[in-house]
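Chain and residue survey
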Amino acid sequence: MRLANKVALVTGASRGIGKAIALAYACEGADVAVNYLHSMKEAEEVAASARKMGRRSIAVKADVGNKSDIDHMVAAVMKEFGRIDILVNNAGVGMVAPSAMLEESAWRRGIDVLLTGVFLCSQAVGREMIKQKSGKIVNISSVVGLGGMPERAAYGSAKAGVINLTKVLGCEWANHHINVNAICPGFVRTDLVTELMSRGLYNEKELLKLVPLGRLGEPEDVASVAVFLASEESSYITGQAISVDGGWLAYSYLESWLETAKERA
Ligand code: NAP
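Below is a short write-up of the structure. (Residues numbered from 1 in each chain as written. Predicted model: local features only at pLDDT ≥ 70, side-chain atom pairs only at ≥ 80, totals over all residues. Heavy atoms only, no water.)

1. Examining the overall build of the protein chain
Each helix and strand in the protein chain was counted, giving 9 helices and 7 strands. For the protein chain, whose C-alpha radius of gyration is 18 Å, the value lies close to the compact-globule estimate of 18 Å for 265 residues. Counting only C-alpha atoms, the protein chain reaches 55 × 45 × 40 Å along its principal axes. Split into buried and exposed, the 265 residues of the protein chain put 48% on the buried side. Partitioning the contacts of the protein chain with sequence separation of at least 6, the portion at a separation of at least 24 is 76%. Of the charged side chains in the protein chain, 29 are positive and 29 negative; the average position of the first set lies 4 Å away from that of the second. (Helix = DSSP H or I, 4+ residues; strand = E, 2+ residues; numbered from the N terminus. Rg over C-alpha atoms; globule rule 2.2 N^0.38 Å. Buried < 20%, exposed > 50% of the residue type's maximum accessible area, 1.4 Å probe, protein only. Contact = heavy atoms within 4.5 Å. Lys, Arg positive; Asp, Glu negative; His and termini not counted. Charge placed at Lys NZ, Arg CZ, Asp CG, Glu CD.)

2. Points about the pattern of salt bridges
Across all of its chains, the model carries 15 salt bridges by this definition. Across the salt bridge formed by Glu28 and Arg2, the nearest N and O atoms sit 3.7 Å from each other. Here Glu28 is found in the loop between helix 1 (16-27) and strand 2 (31-36), whereas its partner Arg2 is found in the segment before strand 1 (7-10), with 26 residues between them in sequence. Through salt bridges with shared partners, a single network forms among Arg2, Glu28 and Glu233. (Salt bridge = Lys/Arg side-chain N within 4 Å of Asp/Glu carboxyl O.)

3. Points about empty space enclosed by the protein
Summed over the entire model, instances satisfying the criterion amount to 1 cavity of 30 Å³ or more. In this structure, the largest cavity encloses a volume near 50 Å³. What lines the largest cavity is Thr11, Val64, Asn89, Asn90, Ala91, Val113, Gly117, Val118, Cys121, Ile140 and Lys159. (1 Å grid on protein atoms, 1.4 Å probe; cavity = no way out; pocket = protein on both sides within 12 Å on 5 of 7 lines; lining within 4 Å. Points joined across faces, edges and corners; volume = space filled by probe spheres on them.)

4. As for helix 6 (residues 191-198)
In an α-helix, one full turn covers 3.6 residues, which means residues spaced three or four apart are oriented alike. Val193, Leu196 and Met197 are the residues of helix 6 that are buried. Each buried residue of helix 6 sits inside an arc of 100° when the element is viewed along its axis, so together they form one side. If you follow the buried residues of helix 6, they end up packed against helix 7 (204-208). Once helix 6 finishes, Gly200 follows within two positions and takes phi at roughly 80°, a positive value. (Arc of directions from axis to C-beta.)

5. Quick word on the site of the ligand
Lining the immediate surroundings of the ligand are 33 residues, of which Ser39, Asn90, Tyr155, Val188 and Thr190 lie closest. At a separation of 2.6 Å, an oxygen atom of the ligand approaches a polar side-chain atom of Ser39. Here an oxygen atom of the ligand and a backbone polar atom of Gly186 are 3.2 Å apart. In the complex, the protein chains occlude 96% of the 900 Å² of accessible area that the ligand would expose alone. Judged by its atoms lying within 2 Å of the grid points, the ligand is housed in the largest pocket. (Near = heavy atom within 4 Å. Polar contact = N/O pair within 3.5 Å; in protein donor to acceptor, adjacent residues only side chain to side chain. Areas by Shrake-Rupley, 256 points an atom, 1.4 Å probe, with all protein chains shown as cover. Sits in = over half its atoms within 2 Å of the grid points.)

6. Brief notes about the packing of helix 4 (residues 104-132) against helix 5 (residues 153-172)
Contact geometry for helix 4 and helix 5: axes closest at 8 Å, N-to-C directions at 15°. Here helix 4 lies roughly parallel to helix 5, going by the angle between them. As for how helix 4 packs across helix 5, the hand of that crossing is right-handed. Only Ala153, Ala154, Tyr155, Ser157, Ala158, Lys159, Gly161, Val162, Leu165 and Leu169 of helix 5 make contact with helix 4, whose side of the interface consists of Trp107, Gly110, Ile111, Leu114, Leu115, Val118, Phe119 and Ser122. Looking at side-chain class alone, the contact of helix 4 with helix 5 contains 13 nonpolar, 4 polar and 1 charged residues. (Axes fitted to C-alpha atoms, helices over the stretch in contact; angles between N-to-C directions. Parallel < 35°, antiparallel > 145°, perpendicular 65-115°, else oblique. Left-handed = near helix turned anticlockwise from the far one by under 90°. Nonpolar A, V, L, I, M, F, W, Y, C, P; charged D, E, K, R; others polar.)

7. Looking at the layout of surface pockets
A volume near 930 Å³ is recorded for the largest pocket. What lines the largest pocket is a set of 46 residues, among which Ala91, Gly92, Val93, Gly94 and Leu192 lie closest to the centre. For the lining of the largest pocket, the elements supplying multiple residues, two or more each, are helix 1, strand 2, helix 4, helix 5 and helix 6. In terms of residues, the lining of the largest pocket owes the most to one element, helix 6, which gives 5 residues. A class-by-class count of the residues in the lining of the largest pocket yields 24 nonpolar, 14 polar and 8 charged. Estimates place the volume of the second largest pocket at around 260 Å³.

8. Considerations on the pairing of strand 3 (residues 57-61)
The sheet contact formed by strand 2 and strand 3 spans 5 bridges and is parallel. Looking at the pairing, Ala33 lines up with Ile58 of strand 3. A crossover links strand 2 with its parallel partner strand 3, the connecting element being helix 2 (residues 40-52), and its sense is right-handed. (Pairing = 2+ DSSP bridges. Right-handed = clockwise from strand over helix to strand, strands pointing away.)

9. Remarks on the packing of aromatic side chains
Using the criterion set out here, one finds 2 aromatic pairs in the structure. Relative to Tyr202, the ring of Phe187 has its centre 4.6 Å away and its plane inclined at 75°; by these criteria the two rings are edge-to-face. Highlighted residues: Phe187 in the loop between strand 6 (178-185) and helix 6 and Tyr202 in the loop between helix 6 and helix 7, separated in sequence by 15 residues. We note that Phe187, like Tyr202, is buried. (Phe/Tyr/Trp six-rings, centres within 6.5 Å; stacked < 30°, edge-to-face > 60°.)

Here it is as structure tokens:
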């Protein structure tokens, strides 16, 4: 097992990508703290699944947009497990709004949860990792942090900020043997995306025209990369943002060209 005897804290692990990462970590031998905000029952079920695999696991409530909640969460995890080897900053909300109409309060909440929360969790856990002289931090950014997607002013700015924060902390904490990397998922089939689809903001058929690998991502596609970035296999990688997007960002031609190329192949 690649994460035997490690302790991981995964934010936003009650559902979606965070849940898949928490379970993949447990499967690889790690004890896991499952953070949630609203979905207590789901978070308790994730922790119960990890315990069924023979791991120690607790569910911890905290709003990552709130510093006092973060401090209590990290203290609770330290009390339970005595250390934190892996932090995954995954908690997040989808935010889509025309920029001209975006309320200041929505902008601030988006930045608080999606960027400041990543910094404050990394700072609180990083202080423990510095004492331990080792650690792995995996930040879940987005392809939206790498390109300009309309109506994602707060979301895209926060996700771009997470990528730079990843580089800053990766360099700054390298001498403490703390690796800091980011994953930039494309469209992954979770509640976040299905909710936007049900509102008519995305259409799966149209999205797939952008993705050379021809399917939406699944939470497990992200989780397997998160396992790699938490394991010793990635010990010489830090400050990187890795896209897990089915080739979406690599592809910059017309839809018809991709179709023609597929027919010719
Ligand atoms: P999801 O299925 O909607 O799950 C979101 C998770 O984040 C839930 O566990 C939720 O907990 C938690 N959460 C939300 N706000 C929180 C807060 N303030 N404090 C603590 N936990 C909070 O979303 P997802 O698709 O798995 O997204 C996970 C991450 O991947 C996000 O950072 C998202 O931006 C990023 N991402 C997703 C996609 C995609 O296509 N799905 C693409 C790129 C990036 P509760 O339910 O308990 O409230």
